[in-house]
Amino acid sequence: MDFSANDTKHPGMVTNVAGVEKGEVHSVVINETGHVQELERNFSFLSVCSVGIVTGNTWAALGGSIVVALYNGGPPGVIYEFLVVSFFYWCISASIAELASAIPSSFGVYQWASITAGPKYGNICGWFAGCTTGAGHATSAIVWKNWSNQTGWASDGFVFLAGTLNGAFAVGTPDCVSHLAEEIPNPRRNIPKAILAQMVIGLFTALFYMIAIFYSIQSFDDVLTNTYTSPLAEVYLQATSSKGGALGLLILIYLPLTCGFFGNFITCGRMLWTLGRDGATPFSGTVGAIHPTHKNPFNATLICGIICTILGCIYVGSITAFNAFVGSFVIFSTLSYIAAILPHLLTKRRYVIPGPFWMPGWIGYVVGGIGCAYIVVFDVIYCFPYAMPVSAASMNYSALIIGGLTMF
């Protein structure tokens with residue numbers, strides 16, 4: 001189902017509004033969000049796909065947490081847990097793509113949650129969404145069959161479910177390209193396509209990467225007990241039997257991570273800018289301003305960079321506190337998704353006029369329902385301690401952080 005730009009009944013219309021100032025007639029472009037179009041549409045479809053791929057960085061994110069992931073079932077656990085969680089995130093991504101197609105907005109879930117819940121509950125759902133948004137090598141049996149539970153939990157089933165957190169951390173940013181909706185031509189069509197490209201490329205690159213490194217490992221015990229700053233150092237050292245080769249491979253994984261930094265600043269800067277534009281932040285006039293020369297939300301992006309730097313300094317003071325913030329990422333992001341998707345289903349999707357990508361009839365309800373069920377069940381599981389017995393250093397503080405930030 002498609003709507004033209006002249007469809008004045010659609011909230012995503014583009015209109016030239018004539019005005020008179022000092023005797024001169026001028027026009028103002030109103031974009032799909034109902035705001036004045038302040039940003040230039042400098043991103044092409046391919047560049048937006050690139051932002052999604054480098055910001056998601058699925059294979060690099062999974063490699064960085066490979067040692068932690070191996071405790072939850074060994075290589076088979078990592079692979080199968082990743083495939084399971086990818087299925088759920090594809091359901092979430094489809095629902096997000098549907099909303100992005102109908103309501104292309106730089107803030108994404110904040111805007112969608114404000115609309116899907118209807119006029120009565122839209123403000124509270126929008127506020128909630130805004131607050132929460134790795135000589136003999138391994139055999140095929142080791143890679144695909146030999147289950148290894150080293151978490152201390154007695155239930156292998158629970159270990160498998162908890163282990164999907166590592167995969168969720170890798171694929172958990174399906175909405176990132178939606179924040180460029182006001183800087184890409186025809187966002188109602190191109191944003192869903194970019195989400196699909198990000199998820200497809202992320203799935204296959206991460207899967208093939210995991211299989212390759214697992215077959216190259218000679219001693220999993222050495223990987224689990226290594227003392228290198230990067231857990232992949234030991235994996236690459238075993239694979240190449242050369243420190244130079246290991247260093248070269250580490251550089252290859254740090255390059256996309258560096259590119260990911262730019263993608264993160266681009267997307268989070270747009271999110272903060274839209275909040276400032278709507279008057280939802282302190283000093284909103286400064287935060288929500290567009291730089292007259294660069295034609296981008298420079299102030300908001302700079303503020304995000306400062307905040308990220310401060311959060312990074314937490315690592316110097318307390319690794320436990322830093323890990324708690326990082327571990328809460330999946331829960332925070334999924335809670336923001338459910339704040340938009342669940343009201344969309346409960347209101348029978350009547351507050352959103354379909355965009356070009358729209359799941360018909362029962363398909364939309366089933367896909368969205370699966371995504372919401374995953375969030376409700378697994379967000380509880382992700383709050384359990386990662387291993388037993390529990391100590392102050394190994395405790396999972398996600399519930400404390402999420403509860404505290406949500407309440408206060």
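Right above here is the structure, for reference.
The structure displayed is predicted, hence computed values, not measured ones.

Draft legend 1. Region of the structure containing helix α11 (residues 232–240). Those residues of α11 that fall on the buried side of the exposure criterion are Leu-232, Ala-233, Glu-234, Val-235, Tyr-236 and Gln-238. Close packing links the buried residues of α11 with α2 (58–64), α3 (66–70), α9 (187–216), α10 (220–224) and α12 (243–277). Looking one or two residues beyond α11, the residue adopting positive phi is Ser-241, at roughly 55°.

Draft legend 2. Region of interest: the packing of aromatic side chains. All chains considered together, the criterion is met by 14 aromatic pairs. Ring geometry for Tyr-89 and Tyr-374: centres 5.7 Å apart, planes at 65°, overall edge-to-face. The pair Tyr-89 / Tyr-374 is uniform in exposure class, with both members buried. Directly above the aromatic system of Tyr-365 lies the positively charged group of Arg-349, at a separation of 5.0 Å from the ring centroid.

Draft legend 3. α12, seen in detail. An ideal rise of 1.5 Å per residue puts 51 Å on 35 residues; α12 measures up with 50 Å between its terminal C-alpha atoms. At the N-terminal end of α12, a side-chain oxygen is found 3.3 Å from the backbone nitrogen of Gly-244, two or three residues along, and the residue is Ser-242.

Draft legend 4. Structural detail: the layout of surface pockets. The space that makes up the second largest pocket amounts to roughly 220 Å³. Along the walls of the second largest pocket sit 13 residues, with Ala-97, Pro-192, Lys-193, Leu-196 and Phe-357 positioned nearest its centre. Among the secondary structure elements, those contributing two or more residues to the lining of the second largest pocket are α4 (74–102) and α9. Looking at which element gives the most residues to the lining of the second largest pocket, the answer is α9, with seven residues.

Draft legend 5. Molecular detail of the nonpolar core. Among the nonpolar cores identified, the biggest contains 83 residues, and Tyr-89, Phe-214, Tyr-236, Tyr-374 and Tyr-382 are the most heavily contacted of them. Ranked by the residues each element gives to this core, the list is headed by α9, at 13 residues. The residues touching Tyr-89, leaving out its near neighbours within four places in the chain, are Ala-168, Val-171, Gly-172, Pro-174, Met-199, Val-330, Thr-334, Tyr-337 and Tyr-374. Grouped together as the second largest cluster of nonpolar side chains are six residues, Leu-272, Trp-273, Val-287 and Ile-290 included.

Here is what the cut-offs are and how they apply
- Residues numbered from 1 in each chain as written.
- Predicted model: local features only at pLDDT ≥ 70, side-chain atom pairs only at ≥ 80, totals over all residues.
- Heavy atoms only, no water.
- Buried < 20%, exposed > 50% of the residue type's maximum accessible area, 1.4 Å probe, protein only.
- Helix = DSSP H or I, 4+ residues; strand = E, 2+ residues; numbered from the N terminus.
- Contact = heavy atoms within 4.5 Å.
- Phe/Tyr/Trp six-rings, centres within 6.5 Å; stacked < 30°, edge-to-face > 60°.
- Lys NZ or Arg CZ within 6 Å of the ring centre and 35° of its normal.
- Expected span 1.5 Å × (residues − 1).
- Polar contact = N/O pair within 3.5 Å; in protein donor to acceptor, adjacent residues only side chain to side chain.
- 1 Å grid on protein atoms, 1.4 Å probe; cavity = no way out; pocket = protein on both sides within 12 Å on 5 of 7 lines; lining within 4 Å.
- Points joined across faces, edges and corners; volume = space filled by probe spheres on them.
- Core = buried A, V, L, I, M, F, W, Y, C linked by side-chain atoms within 4.5 Å.

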